[in-house]
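Residues per chain, in single letters:
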Amino acid sequence: MSPEIAALNNPENLWAAETVYRPDLFQGKVALVSGAGSGIGRAVALLFARLGAKLVICGRTPEKLEVIAEFVRSKGGEVLVVPTNVREPEQVDALFKKAQAHYGRIDYTVNNAGGQFPQNAIDYAPKGWNAVINNNLNGTWLMMQRAAQHWREHGGPGSIVNIVVVIERGMPGVAHTVAARAGIIGATRTVAVEWAPLGVRVNCVAPGLTATEGLDVYPPEAQKEFPLANPLKRPGTPMEIAESVIYLSAGSGSFITGEVVTVDGGGKLWGELWTAGRPDYYRH
Ligand SMILES: CCC/C=C/C(=O)SCCNC(=O)CCNC(=O)[C@H](O)C(C)(C)COP(=O)([O-])OP(=O)([O-])OC[C@H]1O[C@@H](n2cnc3c(N)ncnc32)[C@H](O)[C@@H]1OP(=O)([O-])[O-]
Ligand SMILES: NC(=O)C1=CN([C@@H]2O[C@H](COP(=O)(O)OP(=O)(O)OC[C@H]3O[C@@H](n4cnc5c(N)ncnc54)[C@H](OP(=O)(O)O)[C@@H]3O)[C@@H](O)[C@H]2O)C=CC1
């Protein structure tokens, strides 16, 4: 990870970063964020906490979550850590039960946990395809369905934000994740209608290239070309993605459901993103 990316993801810097939101926006509210131990999830969790929300954070690696929890507690915030693999229905169920038992409410769920590996699609092993579908389609689905069941049982309103990828032009090297996220976008549009009677809004944020430690999984030749990903010629920051999640979750999003907010510096209009490296055929 470059020093610049490390700085953008440093908890103290995220805590001190400027935000357009008022500090007591989420006073008395509870936000559940998956994949909160790193990158975008960490920035989202920290911004919710800065704005007064109590946190429930999950991910597979307890150590990463504890670092975030300790940090938030040192700032006076409240955090429940529940290590969870979002692909496992029993673990997802236990997560929501623990959150309800601890706080007596959940107001916001952000499904950020996910990821993939870059490889040309023609070479995917069935196990690799299935792993990425499981993580990003099945895992996110289990979380969003369980959140809706929570609000059906305990009463709403509730808001779900799913972090996806920009699917409009596809994304060479990660066809598996584009397929999975397209599934989540389709499900989001559908359940936005089904779950409106429960007081539940469901939306997606589609980040373009974003400066997190997650980018380390991409080969150096791909990373070298990342500034060509959008007309602003820079990656987004985790804070920029976090502010868009807050926009949809808070009252600012109260008339928005079933929508995808793209935060990609215009990348879906212009730019090239060869996540597994540029093939010779497409060299200029
Ligand atoms: C750029 C802008 C867009 C987006 C950016 C971001 O999202 S940044 C954020 C990015 N952050 C992240 O992406 C972080 C999260 N990503 C991950 O944790 C993994 O990519 C995961 C989803 C596959 C993990 O699921 P898991 O624990 O179930 O996986 P596992 O390790 O047990 O492997 C299962 C099978 O997958 C296959 N396979 C795996 N790797 C490779 C490879 N390099 N090469 C080829 N194949 C690979 C292989 O078949 C393997 O089976 P095998 O051969 O071992 O028997
Ligand atoms: N950075 C980017 O350019 C972009 C990122 N995204 C998406 O945004 C999300 C966050 O990515 P980013 O912060 O960059 O990358 P990270 O790899 O840092 O974050 C992914 C997080 O998800 C957690 N996670 C992964 N799989 C599971 C699982 N099965 N159950 C629970 N937690 C899981 C990981 O923790 P652990 O391994 O401990 O479980 C990790 O904290 C991902 O869905 C990613 O695909 C979308 C577009 C662009």
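Residues numbered from 1 in each chain as written. Chains lettered and ligands numbered in written order. Predicted model: local features only at pLDDT ≥ 70, side-chain atom pairs only at ≥ 80, totals over all residues.

This brings us to the overall build of the protein. Along its length, the protein carries nine helices and seven strands. Taken against the 2.2 N^0.38 rule, which gives 19 Å for 284 residues, the C-alpha radius of gyration of the protein at 18 Å falls within 12% of a compact globule. Across its three principal axes, the protein shows a C-alpha extent of roughly 55 × 40 × 35 Å. Relative to its 284 residues, the protein shows a buried fraction of 46%. In the protein, the proportion of contacts linking residues at least 24 apart, taken out of those at least 6 apart, comes to 75%. (Helix = DSSP H or I, 4+ residues; strand = E, 2+ residues; numbered from the N terminus. Rg over C-alpha atoms; globule rule 2.2 N^0.38 Å. Buried ≥ 20, exposed ≤ 12 C-beta atoms within 10 Å, placed from the backbone. Contact = placed C-beta atoms within 7 Å.)

Here we come to the sheet that holds strand β2 (residues 54-58). Ordered by their spatial adjacency, seven strands build an open sheet running β3-β2-β1-β4-β5-β6-β7, and the pairing between neighbours is parallel. Each end of this open sheet is capped by a strand with a single partner; those strands are β3 (79-81) and β7 (260-263). In this sheet, adjacent strand axes meet at a mean angle of 15° when their direction is disregarded. Bridge analysis of strand β6 (residues 200-207) against β7 gives four bridges, and the strand direction is parallel. Opposite A206, over in β7, you have T262 as the bridge partner. Against the sheet, helix α9 (residues 238-249) contacts β4 (108-111), β5 (158-163), β6 and β7, and its axis sits at roughly 160° relative to β6. (Pairing = 2+ DSSP bridges. Axes fitted to C-alpha atoms, helices over the stretch in contact; angles between N-to-C directions.)

In this model, the protein carries an average pLDDT of 97, and 100% of its residues clear a pLDDT of 70 or more. Within the protein, the lowest mean pLDDT, 88, falls on helix α8 (residues 220-224), and the highest, 99, falls on strand β1 (residues 30-34). Model confidence for the complex is summarised by a pTM of 0.98, with the ipTM given as 0.97. (pLDDT = per-residue confidence, 0-100.)

Quick look at the site of ligand 2 now. Looking at ligand 2, there are 30 residues lining it, with G35, G39, R60, G114 and G214 nearest. Residue assignment for the shell around ligand 2 shows that the elements contributing at least two residues are α3 (39-50) and α6 (126-154). No other element matches the three residues that α3 contributes to the shell around ligand 2. (Near = placed C-beta within 6 Å.)

Count 3.6 residues to each turn of an α-helix, and residues three or four apart come out pointing the same way. In this model α9 runs 17 Å from its N-terminal to its C-terminal C-alpha over 12 residues, within 8% of the 16 Å that 1.5 Å per residue would give. Counting buried positions over the 12 residues of α9 gives nine, a clear majority of the element. Inspection of α9 places P238, M239, I241, A242, S244, V245, I246, L248 and S249 among the buried residues, and these make up the whole buried set. (Expected span 1.5 Å × (residues − 1).)

This part covers α3. If you check α3, its first and last C-alpha atoms are 17 Å apart, about what 12 residues at 1.5 Å a residue would give, namely 16 Å. With 12 of 12 residues buried, α3 is to be regarded as a mostly interior element. What α3 keeps buried is the set G39, I40, G41, R42, A43, V44, A45, L46, L47, F48, A49 and R50. Immediately downstream of α3, the backbone of G52 shows phi near 100°, a positive value.

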